[in-house]
Amino acid sequence: MQAKGGTDALSVIQVWQDFRVAEQKFPNLIARPVAAQFLDDSVIAMFEFEEADAEITIVRERHYNLVPPDELSDAELAAYRTAARRATP
């Protein structure tokens with residue numbers, strides 16, 4: 001997991017290193033490195049990477065608005081709880 005904010009930027013070298021560490025520590029698993037980049041005070045971008053043919057590419061990118069908890073409706077909180085339960089193995 002890489003996380004960057006302010007003037008720091010994500011680096012393909014760091015993601016490459018994540019793949020190498022995962023390869024060494026967990027040789028029987030498929031690495032799925034992820035990274036987060038703060039775009040401004042309230043927006044975060046999340047990335048998932050894959051490596052194929054010696055190339056690292058972004059396979060998924062999502063942007064999220066960060067809001068104070070009191071700005072979420074009861075329906076939104078219930079939807080997040082339901083989604084979290086489905087995602088838990």
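Residues numbered from 1 in each chain as written. Predicted model: local features only at pLDDT ≥ 70, side-chain atom pairs only at ≥ 80, totals over all residues. Heavy atoms only, no water.

Caption draft 1: The confidence of the model for the protein, seen in detail. The predicted model of the protein has a mean per-residue pLDDT of 90, with 97% of residues at 70 or higher. Mean pLDDT across the secondary structure elements of the protein bottoms out at helix α2 (residues 74-87), with 82, and peaks at helix α1 (residues 12-25), with 95. (pLDDT = per-residue confidence, 0-100. Helix = DSSP H or I, 4+ residues; strand = E, 2+ residues; numbered from the N terminus.)

Caption draft 2: The arrangement of the layout of surface pockets in detail. Of the pockets and cavities examined, the largest pocket occupies roughly 180 Å³. Contributing to the lining of the largest pocket are Y64, N65, L66, V67, L72 and Y80. Looking at the lining of the largest pocket, its residues break down into five nonpolar, one polar and no charged. (1 Å grid on protein atoms, 1.4 Å probe; cavity = no way out; pocket = protein on both sides within 12 Å on 5 of 7 lines; lining within 4 Å. Points joined across faces, edges and corners; volume = space filled by probe spheres on them. Nonpolar A, V, L, I, M, F, W, Y, C, P; charged D, E, K, R; others polar.)

Caption draft 3: Layout of the pairing of strand β4 (residues 55-65). Where strand β3 (residues 43-52) and β4 come together, ten bridges link them in antiparallel fashion. Note on β4: the bridge partner recorded for M46 is R62. (Pairing = 2+ DSSP bridges.)

Caption draft 4: Molecular detail of the sheet that holds strand β2 (residues 34-38). Spatially, β1-β2-β3-β4 is the arrangement adopted by the four strands of the open sheet, whose pairing is mixed. Each edge of the sheet is formed by a strand with only one pairing partner; in this case those strands are β1 (2-4) and β4. On average, adjacent strands in this sheet sit at an angle of 20° to one another, irrespective of strand direction. Relative to the sheet, α1 contacts β1, β3 and β4, its axis offset from that of β3 by approximately 55°. (Axes fitted to C-alpha atoms, helices over the stretch in contact; angles between N-to-C directions. Contact = heavy atoms within 4.5 Å.)

Caption draft 5: The nonpolar core, seen in detail. Counting residues in hydrophobic clusters, the biggest one holds six residues: V15, F19, A35, A45, F47 and F49. For this core, the elements supplying multiple residues, two or more each, are α1 and β3. The greatest single-element share of this core, amounting to three residues, is contributed by β3. Look past the residues within four positions of A35 in its chain and what remains in contact with it is M1, Q2, L10, A45, M46, F47 and F49. (Core = buried A, V, L, I, M, F, W, Y, C linked by side-chain atoms within 4.5 Å. Buried < 20%, exposed > 50% of the residue type's maximum accessible area, 1.4 Å probe, protein only.)

Caption draft 6: Just α1, in detail. The first and last C-alpha atoms of α1 sit 20 Å apart over 14 residues, in line with the 20 Å expected at 1.5 Å per residue. Taken as a whole, α1 has its buried residues at V15, F19, R20 and A22. Along α1, the residues classed as buried sweep out an arc of 165° about the axis, all on the same side. Exposed positions of α1 whose direction lies more than 90 degrees from the buried face are I13, Q24 and K25. The residue sitting at the N-terminus of α1 and contributing the capping side-chain oxygen is S11; that oxygen lies 3.1 Å from the backbone nitrogen of I13. (Expected span 1.5 Å × (residues − 1). Arc of directions from axis to C-beta. Polar contact = N/O pair within 3.5 Å; in protein donor to acceptor, adjacent residues only side chain to side chain.)

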